[in-house]
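Chain by chain, the residues:
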Amino acid sequence: MEKKPFIYFLCTGNSCRSQIADGFLNALGSDKYEVKSAGLEAHGLNPRAVQVMQEAGVDISKNTSDVIDPKLLNRADYVITLCGHADEHCPVISSKNVTKWHWGFDDPAKATGTEEEIMNQFRNVRDSIKSRIEQFLKEGK
């Protein structure tokens, strides 16, 4: 069996954006890709991220919030950062075979307002990440 390309999604806390990307790529492309996510720190899985993904039909409730593993980082075919902080502070990738991309999305965990306004920000980010994952699956970049 041929090895699937490994995609490692990175964010600051591995609680929202990287978890959403991980969930969508696993749901839509696990037949083509091995997918994991991690953060510069582990902030725990954000319950609102879990909720908006459930609304989209993807269960990430069993995901764990993990710190970047240097072995996985250097084994990845693609390292994709989802926030500026992770992009700027990503550990050095020693493997020359890793393609690193930055897909920047606003942090829904920083949204303010009513609960509905906050949830709408989570939904907007979720939908933007899903569109980017679909584009990646279609174009391979």
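Conventions and cut-offs
Residues numbered from 1 in each chain as written. Predicted model: local features only at pLDDT ≥ 70, side-chain atom pairs only at ≥ 80, totals over all residues. Heavy atoms only, no water. Pairing = 2+ DSSP bridges. Helix = DSSP H or I, 4+ residues; strand = E, 2+ residues; numbered from the N terminus. Axes fitted to C-alpha atoms, helices over the stretch in contact; angles between N-to-C directions. Contact = heavy atoms within 4.5 Å. Polar contact = N/O pair within 3.5 Å; in protein donor to acceptor, adjacent residues only side chain to side chain. Phe/Tyr/Trp six-rings, centres within 6.5 Å; stacked < 30°, edge-to-face > 60°. Buried < 20%, exposed > 50% of the residue type's maximum accessible area, 1.4 Å probe, protein only.

**Some points on the sheet that holds strand S3 (residues 78–81)**
In space, the four strands of this open sheet follow the order S2-S1-S3-S4, with parallel pairing throughout. Edge positions in the open sheet fall to strand S2 (34–39) and strand S4 (99–102), since each of these has one partner strand only. On average, each strand axis in the sheet is inclined to that of its neighbour by 20°, with strand direction left out of account. With six bridges joining them, strand S1 (residues 6–11) and S2 adopt parallel strand pairing. For Leu 10, the partnering residue across the bridge sits in S2 and is Ala 38.

**So, the environment of Asn 74**
Along the chain, Asn 74 turns up in helix H3 (residues 70–75). Between the alpha carbons of Asn 74 and Phe 24 there is a distance of 23 Å; along the sequence they are 50 residues apart. Beyond its immediate stretch of four places on either side in the chain, Asn 74 contacts Ile 93, Ser 94, Ser 95 and Val 98. A distance of 3.0 Å separates a polar atom in the side chain of Asn 74 from the backbone oxygen of Pro 70.

**So, the packing of aromatic side chains**
Applying the stated criterion to the full structure yields seven aromatic pairs. Where Tyr 78 meets Phe 136, the ring centres are 5.8 Å apart and the plane angle is 85°; that geometry is what we call edge-to-face. In this pair, Tyr 78 sits in strand S3 while Phe 136 sits in helix H5 (residues 115–139), placing the two residues 58 residues apart along the sequence. A relative accessible area of 19% means that Tyr 78 is categorised as buried. Classification of Phe 136 by relative accessible area gives buried; the value is 0%. Among the aromatic residues, ring-to-ring pairing joins Phe 9, Tyr 33, Tyr 78, Trp 101, Trp 103 and Phe 136 into one connected group.

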